Amino acid sequence: MKRVHPVGVLLVVLLAISSCQTIDVFEKNATLESHRWQAGDKPAFDFAIKDTNARYNIFVVIRHADAYRYNNLWVNIHTKAPGDSVARVQALDLQLATNEKGWLGAGMDDIYEHRIRISQAPVLLKPGNYRFSLEQIMRDDPLEHILNVGIRVEKEPD
């Protein structure tokens, strides 16, 4: 039996620890009943931002079945920032696939997950509570084969 040198084990552990970067992440997802997204169903997600010196990237998270029949997903993103009396609405066309490459997200079996960045560049956010809500604005109602939708907010690493 070959002996493992304790210094070698220590070096491997130290390298593993030092190569890991911690990225603060807020991610919340909503499961859609029967994998159907009704036009009137607007899942909402609340986040508190405390670190005002950091920059953040904001993503929409979509999980769908392979049976989803479109290359894209049109959504309205309603954002209410601290101090706002009403939410700001932004319509986005989220590309999920291309005819050449197929699904652009990560897949396992017949389920695909997309994390699509919606902030053009890392942004500074005011301290306080934020509310994001997502509304599908496709022609189909309900929109079939959408499993989960959510918001992900990542702190940009230093």
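What follows covers the overall build of the protein chain. Helix and strand counts for the protein chain stand at one helix and 14 strands. A burial count over the protein chain gives 37% of its 158 residues as buried. Taking the intrachain contacts of the protein chain between residues at least 6 apart in sequence as the baseline, contacts between residues at least 24 apart amount to 78%. With the model as given, the accessible surface of the protein chain reaches about 10200 Å², and the carbon-plus-sulfur share is 51%.

To continue, consider unusual backbone geometry. A cis amide bond links aspartate 141 with the next residue in sequence, proline 142, at an omega value of 10 degrees. Summarising the element assignment, proline 142 is placed in the loop between β12 (128-136) and β13 (143-144). Despite not being glycine, histidine 145 shows a phi value in the positive range, around 75 degrees. Here histidine 145 lies in the loop between β13 and β14 (146-155).

Structurally, histidine 78 can be placed in strand β5 (residues 72-80). Within the structure, the side chain of histidine 78 is placed 2.9 Å from the side chain of glutamate 135, a separation counted as a polar contact. For histidine 78, the residues in contact, after removing those within four places along its chain, are Ala87, Arg88, Val89, Arg131, Phe132, Ser133 and Glu135.

Right, let's get into the packing of aromatic side chains. As enumerated under the stated definition, the model contains six aromatic pairs in all. Ring plane angle 65 degrees and centroid distance 5.9 Å describe the contact between phenylalanine 26 and phenylalanine 47, whose orientation is recorded as edge-to-face. With a gap of 21 residues between them, phenylalanine 26 in strand β1 (residues 25-31) and phenylalanine 47 in strand β3 (residues 44-49) connect regions that are remote in the sequence. Relative accessible area serves as the criterion here: at 5%, phenylalanine 47 is assigned to the buried category. Ring geometry for phenylalanine 47 against phenylalanine 132: centres 6.1 Å apart, planes inclined by 65 degrees, an arrangement best described as edge-to-face. Of this pair, phenylalanine 47 sits in strand β3 while phenylalanine 132 is found in strand β12, placing the two residues 85 residues apart along the sequence. Judged on exposure class, the residue phenylalanine 47 and its partner phenylalanine 132 are both buried.

In the predicted model, the protein chain carries a mean pLDDT of 87, and 85% of its residues have values of at least 70. Taken together, the stretch residues 7-19 has pLDDT below 50 and engages in one contact with residues farther than four places along the chain or on a different chain.

If you look at the biggest cluster of nonpolar residues, it comprises 34 residues, and the most contacted ones within it are Trp37, Leu73 and Ile151. Of all the secondary structure elements, the ones that give two or more residues to this core are β3, β4 (55-65), β5, β6 (88-95), β10 (111-117), β12 and β14.

Tracing the backbone shows asparagine 148 in strand β14. It is 5.0 Å that separates the C-alpha atoms of asparagine 148 and arginine 63, two residues lying 85 residues apart in sequence. For asparagine 148, the contacting residues outside a window of four places in its chain are Ala30, Thr31, Val61, Ile62 and Arg63. Within the local environment of asparagine 148, its side chain forms a polar contact with the side chain of threonine 31, the two groups lying 3.0 Å apart.

Here we take up the pattern of salt bridges. All chains considered together, the criterion is met by ten salt bridges. The salt bridge partner of glutamate 27 is arginine 115, with a shortest N-O separation of 3.8 Å. Pair noted here: glutamate 27 is in strand β1 and arginine 115 is in strand β10, with a separation of 88 residues, a long-range link. By relative accessible area, which is 44% here, arginine 115 ends up partly exposed. Among the ionic pairs, lysine 42 bridges to glutamate 135, the shortest N-O distance being 3.9 Å. Of this pair, lysine 42 sits in the loop between β2 (36-37) and β3 while glutamate 135 sits in strand β12; the two residues are 93 residues apart in sequence, bridging distant segments of the chain. By relative accessible area, which is 42% here, lysine 42 ends up partly exposed.

Rules used throughout
Residues numbered from 1 in each chain as written. Predicted model: local features only at pLDDT ≥ 70, side-chain atom pairs only at ≥ 80, totals over all residues. Heavy atoms only, no water. Helix = DSSP H or I, 4+ residues; strand = E, 2+ residues; numbered from the N terminus. Buried < 20%, exposed > 50% of the residue type's maximum accessible area, 1.4 Å probe, protein only. Contact = heavy atoms within 4.5 Å. Areas by Shrake-Rupley, 256 points an atom, 1.4 Å probe, with all protein chains shown as cover. Polar contact = N/O pair within 3.5 Å; in protein donor to acceptor, adjacent residues only side chain to side chain. Phe/Tyr/Trp six-rings, centres within 6.5 Å; stacked < 30°, edge-to-face > 60°. pLDDT = per-residue confidence, 0-100. Core = buried A, V, L, I, M, F, W, Y, C linked by side-chain atoms within 4.5 Å. Salt bridge = Lys/Arg side-chain N within 4 Å of Asp/Glu carboxyl O.

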